[in-house]
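An overview of the molecular structure
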Amino acid sequence: MSDVQALRFDDDGETPNNPRLPLLLYRGALTVAGERDPAVPFERAFARNGWSDGWRNGIYSFLHFHTTAHEALGIARGRATVRFGGACGTVLTVEAGDVVVLPAGTGHQRLDSTPDLLVVGAYPRDARVDQHRPGSVDHLTALANIAKVPMPACDPLHGPAGPLVALWST
């Protein structure tokens, strides 16, 4: 099991972030070197652990957040510099093999990436996914929606006994 880094972000008045749950960063979570299709290991792991509605793409270059769903981002190929936590958040570099789990409300924005960036995204099963930019949703409504998002049953990589379950239940 890879090491997991937990990062908390305060509400900055525009990006709500999540008042209870930290962002989780799994460095080198999956080995993709030599994979013909490096997205497949992420898709299989996410699906096996109840994270669905998957997609393949990148990370938007504009700041946005989801108020009705948590999100897993698997970096299948390439590298990206991403600001997490809103306009005054933390800038991190993520690369092939990493997974980031964003609790509902967490701002994220790609600042730079390699041309070959490929991200696999997924949400806990039955999630109702929305997307907002700062200022596009009433802030109190966003916070109310975030508070209602259910806890996922499983960690997207490691299942019911994974780090997410332990770190998000404390």
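What comes next is a walk through the structure. (Residues numbered from 1 in each chain as written. Predicted model: local features only at pLDDT ≥ 70, side-chain atom pairs only at ≥ 80, totals over all residues. Heavy atoms only, no water.)

**Let's talk about the pattern of salt bridges**
For the structure on display, the rule yields three salt bridges. For R27, the salt bridge identified is with D98, shortest N-O distance 3.0 Å. In this pair, R27 sits in the loop between strand 2 (23-26) and helix 1 (40-48) while D98 sits in the loop between strand 6 (90-95) and strand 7 (99-102), placing the two residues 71 residues apart along the sequence. Take R27: its relative accessible area is 34%, and that puts it in the partly exposed class. Notably, a salt bridge pairs D37 with R56, separated by 2.9 Å at the nearest N-O pair. Taken together, the positions of D37 in the loop between strand 2 and helix 1 and R56 in strand 3 (residues 51-57) put the pair 19 residues apart, joining distant regions of the chain. Since its relative accessible area comes to 25%, D37 is described here as partly exposed. Residue classification places R56 among the partly exposed residues on the basis of a relative accessible area of 40%. One network of salt bridges, with partners in common, ties together D37, E43 and R56. (Salt bridge = Lys/Arg side-chain N within 4 Å of Asp/Glu carboxyl O. Helix = DSSP H or I, 4+ residues; strand = E, 2+ residues; numbered from the N terminus. Buried < 20%, exposed > 50% of the residue type's maximum accessible area, 1.4 Å probe, protein only.)

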